Amino acid sequence: MQATNLHRELADELWRADTTAVPVAPLTDRYPDLTIEDAYAIQSLNIDRRVAGGERICGRKIGLTSKPMQNLLGVDEPDYGVLLDGMFVEDGDVIDLPKMVQPRVEAEMAFVMESDLEGPGVNTATALQAIAGVLPAVEIVDSRVADWKIKLVDTVADNASSGLIVMGGRLRRVDELDLRLTGVAVTRGGELIDTGAGAAALGNPARCVAWLANKLAGFGAKLRAGDVVLPGAVHRMVAVQPGDVFRAEFAHLGAVTVRFSNQTRAAA
């Protein structure tokens, strides 16, 4: 879809919200006729702007892969956003909380692609053959839309509410695991707050990768060797407070730690 003046205006709004950490009113409240195609066009404008600024596309994230989240937003399929190298944080590093808008954490697996994967016609088996391995990860999702009052169009336009990604551990081959049964325990400050397992993501996280490859084909794109793919969270999002330390312990994969600074965001 060719970008329109409205697409550019809304992309500019989301860009300013990201750089100032001040969220905007929901797009769909103001423009209820926006379509999912409009949303991906808006998303692409800001991805292009980040690439023009020197960042590099290095994968995709998939959202809304669990039935509860789909039911919450009234949709029947996932969505996706683009991962850029500037989003990655090393395991255990401290994240500067004031630079984020309204972050939440989600533990999930992170796949690294071994070969290109292009739809249509990709299924779970062919997706597994294209994946080099899996790492434990925590995605710090963030919304530039005020109070997380999002519908599908809002989150897609906002790059699927992407924020930062922390990956840890060593790469484990997917043929050594039953991804559906791979569990995770999430703690905050050493206290258990939630658990989950891979089956929460479309029944199998590799199925999410297949969905993504087929979806990208409709935009003339594909997954490439070396890309990181986040297949979606397997537990509820958890809000972040200053000084929080989260740890996600994955069965057979190891752990990853996410630390946040003690500072709060200054008032706008």
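Residues numbered from 1 in each chain as written. Predicted model: local features only at pLDDT ≥ 70, side-chain atom pairs only at ≥ 80, totals over all residues. Heavy atoms only, no water.

The protein goes by 2-keto-4-pentenoate hydratase in an unreviewed UniProt entry, where it is assigned to Mycolicibacterium holsaticum.

A word on the packing of helix H1 (residues 5-20) against helix H3 (residues 36-52). Where H1 meets H3, the closest approach of the two axes is 9 Å, and the angle between their N-to-C directions is 55 degrees. As the angle between them shows, H1 and H3 are arranged oblique. Taken as a pair, H1 and H3 cross one another with a handedness that is right-handed. Between H1 and H3, the contacting residues are His7, Arg8, Leu10, Ala11, Asp12, Leu14 and Trp15 on the first element and Asp38, Ala41, Ile42, Leu45, Asn46, Arg49 and Arg50 on the second. A per-class count over the contact of H1 with H3 returns 7 nonpolar, 2 polar and 5 charged. (Axes fitted to C-alpha atoms, helices over the stretch in contact; angles between N-to-C directions. Helix = DSSP H or I, 4+ residues; strand = E, 2+ residues; numbered from the N terminus. Parallel < 35°, antiparallel > 145°, perpendicular 65-115°, else oblique. Left-handed = near helix turned anticlockwise from the far one by under 90°. Contact = heavy atoms within 4.5 Å. Nonpolar A, V, L, I, M, F, W, Y, C, P; charged D, E, K, R; others polar.)

This paragraph deals with the layout of surface pockets. Any empty space left between atoms is shown by rolling a water-sized probe over those atoms. The computed volume of the largest pocket comes to approximately 490 Å³. Together, 26 residues line the largest pocket, and Asp18, Arg50, Arg144, Ser162 and Gly163 are the ones closest to its centre. Elements supplying a minimum of two residues to the lining of the largest pocket: H1, H3 and strand S4 (94-95). Tallied by class, residues from the lining of the largest pocket come to 12 nonpolar, 7 polar and 7 charged. (1 Å grid on protein atoms, 1.4 Å probe; cavity = no way out; pocket = protein on both sides within 12 Å on 5 of 7 lines; lining within 4 Å. Points joined across faces, edges and corners; volume = space filled by probe spheres on them.)

What follows deals with the packing of aromatic side chains. This structure, assessed with the given rule, holds 4 aromatic pairs. Aromatic side chains Tyr80 and Phe219 sit 6.1 Å apart centroid to centroid with 80 degrees between the ring planes, which places their arrangement in the edge-to-face category. Taken together, the positions of Tyr80 in strand S2 (residues 79-84) and Phe219 in the loop between helix H7 (205-217) and strand S10 (228-230) put the pair 139 residues apart, joining distant regions of the chain. The class of Tyr80 is buried, set by a relative accessible area of 6%. Note on Phe219: relative accessible area 45%, which makes it partly exposed. (Phe/Tyr/Trp six-rings, centres within 6.5 Å; stacked < 30°, edge-to-face > 60°. Buried < 20%, exposed > 50% of the residue type's maximum accessible area, 1.4 Å probe, protein only.)

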